[in-house]
Amino acid sequence: MRSIKHYRAFQIDPDGHVFGCINLVCDNDEEAKSEAASLVLAHRIELWRLDQRIAQFESPARVVRQ
């Protein structure tokens, strides 16, 4: 039997406030990270499962280019 997990991808504004949430249903953390990374447009995304932050993805504007 396949075990699915529920995740939340929170959209974070430049001031650090949550302004949106996208629910994700994935097979595992790696699939959820891939899905959440694809959501990054102009704002940071934080991926959570229950009370554990799984990953954080910075917006392109915040990534330091060298």
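This write-up is about the structure you can find in this document. (Residues numbered from 1 in each chain as written. Predicted model: local features only at pLDDT ≥ 70, side-chain atom pairs only at ≥ 80, totals over all residues. Heavy atoms only, no water.)

Quick look at the pattern of salt bridges
Thinking step 1. Evaluation of the coordinates by the stated rule reveals 3 salt bridges.
Thinking step 2. We note a salt bridge from Lys33 to Glu30, for which the minimum N-O separation is 3.3 Å. On the criterion of helical spacing, the pair formed by Lys33 and Glu30 is a turn pair, its members being 3 residues apart in helix 1 (residues 29-37).
Thinking step 3. Overall, Lys33 belongs to the partly exposed group, its relative accessible area being 27%.
Thinking step 4. According to the relative accessible area criterion, Glu30 is exposed, its value standing at 53%. (Salt bridge = Lys/Arg side-chain N within 4 Å of Asp/Glu carboxyl O. Helix = DSSP H or I, 4+ residues; strand = E, 2+ residues; numbered from the N terminus. Buried < 20%, exposed > 50% of the residue type's maximum accessible area, 1.4 Å probe, protein only.)

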